[in-house]
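Secondary and tertiary structure notes
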Amino acid sequence: MEIAKSLFYFILAGLFEIGGGYLIWLWLRESKEIWYGITGAFILILYGIIPTFQPASFGRVYAAYGGIFIVLSILWGWRIDSVVPDKYDLVGGFVALVGVLIIMYWPRG
């Protein structure tokens, strides 16, 4: 159950980081209204809070989160920006997830 909760926090943090960053991107790069940027900034603040619910140390959490971020970014690009991942994206995402599993969940003795 702890692993499921941890993965939930990683995915939630990733969606908040990517979503908030995307809104700021739209505001600055696509000339959307300022409320896109303000909303994105607020969501990014929430993103900063979510990892504090993880049971591990800061460095370990953020190192592992990097792998989750990679995979979520590939999925975001595919579903939101219609950029279909190629085999290198998929292999890289898989390698990143293996890193997450080792960093966060490998038994330590």
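Just above sits the structure.
I will try to describe carefully the structure that is included in this document. Remember, it's a predicted structure, so these values are computed and weren't measured experimentally.

Throughout the structure, instances matching the rule amount to one salt bridge. Residue Glu2 pairs with Lys5 through a salt bridge whose shortest N-O separation is 3.8 Å. Taken together, the residues Glu2 and Lys5, both in helix 1 (residues 2-29) and three residues apart, mark about one turn of the helix. A residue is classified by how much of its surface remains accessible, and Lys5, at 38% relative accessible area, is partly exposed.

We now examine the nonpolar core. By size, the foremost hydrophobic cluster in this structure holds 14 residues, and its most contacted members are Phe10, Tyr65 and Ile68. Listing elements by their share of this core, those giving two or more residues are helix 1, helix 3 (58-79) and helix 4 (87-105). Top contributing element to this core by residue count: helix 3, with five residues. Ignoring any residue separated from it by four or fewer positions in sequence, one finds Ile68 in contact with Phe10, Ile11, Leu97 and Val100.

Here we take up helix 4. Over its 19 residues, helix 4 runs 26 Å from end to end, which matches the ideal 27 Å to within 8%, given 1.5 Å per residue. All of the buried residues along helix 4 are Gly93, Ala96, Val100, Met104 and Tyr105. The arc enclosing the buried residues of helix 4, seen along the axis, measures out at 120°, which places them on a common side. Exposed and oriented more than 90 degrees from the buried face of helix 4 are Lys87, Tyr88, Val91, Phe94 and Val95. Summarising the contacts, the buried residues of helix 4 are in contact with helix 1 and helix 3. A side-chain oxygen of the first residue of helix 4 lies 3.0 Å from the backbone nitrogen of Tyr88; this N-cap is Asp86.

About the cut-offs
Residue positions within a chain follow its written sequence, with the count starting from 1. Since the coordinates come from a predicted model, pLDDT governs what is reported: local features require at least 70, and pairs of side-chain atoms require 80 or more to be given and counted, while whole-chain, interface and lining totals use all residues. To obtain the side-chain values, all non-hydrogen atoms of the structure were used and water was disregarded. For this analysis, a salt bridge means a side-chain nitrogen from Lys or Arg found within 4 Å of a carboxyl oxygen belonging to Asp or Glu. Going along the chain from the N terminus, every DSSP run of H or I of four or more residues is numbered as a helix, and every run of E of two or more is numbered as a strand. Buried residues are those whose accessible area, probed at 1.4 Å on protein chains only, stays under 20% of the maximum for their type, while exposed residues exceed 50% and partly exposed ones sit between those limits. Among buried residues, those of type Ala, Val, Leu, Ile, Met, Phe, Trp, Tyr and Cys that are joined through side-chain atoms within 4.5 Å constitute a nonpolar core. Two residues form a contact once any of their heavy atoms are found within 4.5 Å. By this rule the span expected of a helix is its residue count minus one, scaled by 1.5 Å. Working note: the arc is built from the helix axis to C-beta atom directions. Under the rule applied, a polar contact is a pair of N or O atoms within 3.5 Å (in protein, one hydrogen donor and one hydrogen acceptor; residues adjacent in sequence only if both atoms are side-chain atoms).

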